Amino acid sequence: MSRPLRLEGEARASALAELIALGWGHDPARDAITQTLRFADFNQAFGWMTRVAMIAEQLDHHPEWSNTYRTVTVTLTTHDAKGLTDLDLAMARRISGLG
């Protein structure tokens, strides 16, 4: 399976603008996007992570993440492309749609 190429130029600028509007932040040092979410409690945070894990398996694209009680921090980047790709966009859109 071929992996997506790193986003460049206008496609990259447009993608970053969309993701920032969805609540994601950009880490330029890693060319990654990140988001921290807070839930009512650990059970809700863990349930959300389980739903994201199913999406990750479907897309074959797995997030870097951490969980502390009710807080989950997610980072997306495509390591083999050394930056953001369409795969990160697809994952971020799906995650953002979970609400």
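These numbers were taken from a predicted model, which means no experiment stands behind them.

Novice: Explain the side chain of threonine 78 here, please?
Specialist: Along the polypeptide, threonine 78 turns up in the loop between strand S4 (71-76) and helix H3 (86-96). On the accessibility criterion, threonine 78 (1% relative accessible area) is buried. Separated by 2.7 Å, the side chains of threonine 78 and threonine 85 make a polar contact. Once residues within four sequence positions are removed from consideration, threonine 78 is found in contact with His61, Gly83, Thr85, Leu87 and Asp88.

Novice: Sorry if this is basic, but what is going on with the pattern of salt bridges here?
Specialist: Two side chains with opposite charge may pair up if their charged atoms get near one another. Across all of its chains, the model carries four salt bridges by this definition. Between glutamate 18 and arginine 93 there is a salt bridge; the shortest N-O distance is 2.7 Å. With glutamate 18 in helix H1 (residues 9-21) and arginine 93 in helix H3, this pair connects stretches of sequence that are 75 residues apart. Residue classification places glutamate 18 among the partly exposed positions, given a relative accessible area of 28%. Overall, the relative accessible area of 41% leaves arginine 93 in the partly exposed class. Across the pair glutamate 64 and arginine 30 runs a salt bridge, and its minimum N-O distance is 2.6 Å. Separated by 34 residues along the polypeptide, glutamate 64 in strand S3 (residues 64-68) and arginine 30 in the loop between strand S1 (25-27) and strand S2 (32-38) bring together distant segments of the chain. Residue classification places arginine 30 among the partly exposed positions, given a relative accessible area of 35%.

Novice: I'm lost on a nonpolar patch on the surface in this one. Help?
Specialist: The grouping of Phe42, Phe46 and Tyr69 at the surface amounts to a nonpolar patch, some 330 Å² of accessible area in total. Residue position: tyrosine 69 is located in the loop between S3 and S4.

Novice: Can you help me understand the nonpolar core in this one?
Specialist: Nonpolar side chains in soluble globular proteins generally cluster together in the buried interior. Of all hydrophobic cores here, the largest spans 21 residues; its most connected members are Trp24, Ile33, Trp48, Leu76 and Ile95. For this core, the secondary structure elements donating two or more residues are H1, helix H2 (42-59), S4 and H3. Looking at this core element by element, the count peaks at six residues for H2.

Basis of the calculations
Residues numbered from 1 in each chain as written. Predicted model: local features only at pLDDT ≥ 70, side-chain atom pairs only at ≥ 80, totals over all residues. Heavy atoms only, no water. Helix = DSSP H or I, 4+ residues; strand = E, 2+ residues; numbered from the N terminus. Buried < 20%, exposed > 50% of the residue type's maximum accessible area, 1.4 Å probe, protein only. Polar contact = N/O pair within 3.5 Å; in protein donor to acceptor, adjacent residues only side chain to side chain. Contact = heavy atoms within 4.5 Å. Salt bridge = Lys/Arg side-chain N within 4 Å of Asp/Glu carboxyl O. Patch = residues over 30% accessible without salt bridge, like charges linked within 9 Å, V, L, I, M, F, W, Y side chains within 5 Å. Areas by Shrake-Rupley, 256 points an atom, 1.4 Å probe, with all protein chains shown as cover. Core = buried A, V, L, I, M, F, W, Y, C linked by side-chain atoms within 4.5 Å.

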